[in-house]
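Listed here are the chains, written in short residue letters.
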Amino acid sequence: FRSKDDLESLLKAPVLACINKKRRWLEKELVRDPLNPGKFTPRMHSYRILADQLHFLAKTKHLNVLLFSPVALPKGAAIVIGNLGIFMSKKLGHETLIIDADLRNPSLHKLFGVPKSNGLAEVLEEKLESEKAIQPLREKLSLITAGDSALDAGFLLDGTLFSDLIKKLRKKYSMILIHSSDLRDHRDAAVIAPATDGVILVISEGSVRRQVVQSAYFPLQEKHINLIGTIMANRHYPLPKVLDDSV
């Protein structure tokens, strides 16, 4: 995909944000201070705009549990979710929980520098209470890591325990951001999506064919899952201001 319009035309869903490709090796993956826009890079401004949009959807359409599924994105959507979590909690005041449901290639624990064990997998195996799996990261922001298990990821996620967990967590958190495995390779997103309020696909600009996206999206279509929108990642040029204001 080379344009926002092309992606919107294919999936009949809005592009919520275009995230610029990281250009400087000194640029941090995560925003340091979401309350200081004067020091934002173009990438961080994109995350701010996206967080504002999702905040609006949470208030107006009660979309509070969001599933982010990458499509043919080697590093997944972890960095997107990590920055959103920081903006949602610090700038917008949401009690925010991030859940790493990518049990096949977990990465959020590395991003935030916390242990991977005692996470979602142990909760789904009923080896650990959900409260003990929650790791506070900073004020109003917490994480449930993927955890460790010898069992198949699809088996663990396909059951009532995950949906029961989300129902329980809804009572405590005003925003829950869930990271799933790549939709091109696995159908985990389609399995757990019914427990959420909708799915956001994260797609790399210019490196994924239309047929790949269509095929990956099909399992969600079959289950009539709410596609909230998409995010174009690794954009090679800054988004023009007229478009930046519109997404």
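Note that the coordinates shown come from a computational prediction; the quantities given were computed from them, not determined experimentally.

Caption draft 1: Molecular detail of the overall build of the chain. Scanning the chain from terminus to terminus reveals eleven helices and eight strands. The C-alpha radius of gyration computed for the chain amounts to 17 Å, which stays within 12% of the reference 18 Å derived for 247 residues, consistent with globular compactness. With respect to the three principal axes, the spread of C-alpha positions in the chain is 50 × 40 × 35 Å. Across the 247 residues of the chain, 55% fall into the buried class. Here the contacts in the chain between residues at least 6 apart in sequence split such that 80% fall between residues at least 24 apart. When the accessible surface of the chain is totalled, it reaches about 11800 Å², and 51% of it is carbon and sulfur. Here the chain carries 36 positive and 28 negative side-chain charges, and the mean point of each set is 6 Å from the other.

Caption draft 2: Layout of the pattern of salt bridges. Under the definition given, this model contains twelve salt bridges. The partner of Glu8 in a salt bridge is Lys4, and the shortest N-O contact between them spans 3.5 Å. Of this pair, Glu8 and Lys4 both sit in helix H1 (residues 4-11), four residues apart, which is roughly one turn of the helix. The class for Lys4 is buried, based on a relative accessible area of 15%. Close ionic contact of Glu131 with Lys168 constitutes a salt bridge, the shortest N to O distance being 2.7 Å. With a gap of 37 residues between them, Glu131 in helix H6 (residues 130-133) and Lys168 in helix H8 (residues 160-170) connect regions that are remote in the sequence. Judged by relative accessible area, which is 38%, Lys168 ranks as partly exposed.

Caption draft 3: Region of interest: the layout of surface pockets. Approximately 370 Å³ is the volume found for the largest pocket. Elements represented by at least two residues in the lining of the largest pocket include exactly strand S1 (15-20), helix H2 (42-61), helix H3 (78-91), strand S7 (198-204) and strand S8 (227-235). Per element, the largest residue contribution to the lining of the largest pocket is three residues, and it comes from H3. Residues of the lining of the largest pocket, tallied by class, amount to ten nonpolar, four polar and five charged.

Caption draft 4: Representation of the environment of Met232 in the model. Inspection of the secondary structure puts Met232 in strand S8. Owing to a relative accessible area of 1%, Met232 belongs among the buried residues under this scheme.

Caption draft 5: Here's a closer look at H2. Over its 20 residues, H2 runs 28 Å from end to end, which matches the ideal 28 Å to within 8%, given 1.5 Å per residue. Buried residues of H2: Arg43, Met44, Ser46, Tyr47, Ile49, Leu50, Ala51, Leu54, Leu57 and Ala58, and no others. After H2 finishes, the residue His62 shows a positive phi value of roughly 55°.

Calculation rules
Residues numbered from 1 in each chain as written. Predicted model: local features only at pLDDT ≥ 70, side-chain atom pairs only at ≥ 80, totals over all residues. Heavy atoms only, no water. Helix = DSSP H or I, 4+ residues; strand = E, 2+ residues; numbered from the N terminus. Rg over C-alpha atoms; globule rule 2.2 N^0.38 Å. Buried < 20%, exposed > 50% of the residue type's maximum accessible area, 1.4 Å probe, protein only. Contact = heavy atoms within 4.5 Å. Areas by Shrake-Rupley, 256 points an atom, 1.4 Å probe, with all protein chains shown as cover. Lys, Arg positive; Asp, Glu negative; His and termini not counted. Charge placed at Lys NZ, Arg CZ, Asp CG, Glu CD. Salt bridge = Lys/Arg side-chain N within 4 Å of Asp/Glu carboxyl O. 1 Å grid on protein atoms, 1.4 Å probe; cavity = no way out; pocket = protein on both sides within 12 Å on 5 of 7 lines; lining within 4 Å. Points joined across faces, edges and corners; volume = space filled by probe spheres on them. Nonpolar A, V, L, I, M, F, W, Y, C, P; charged D, E, K, R; others polar. Expected span 1.5 Å × (residues − 1).

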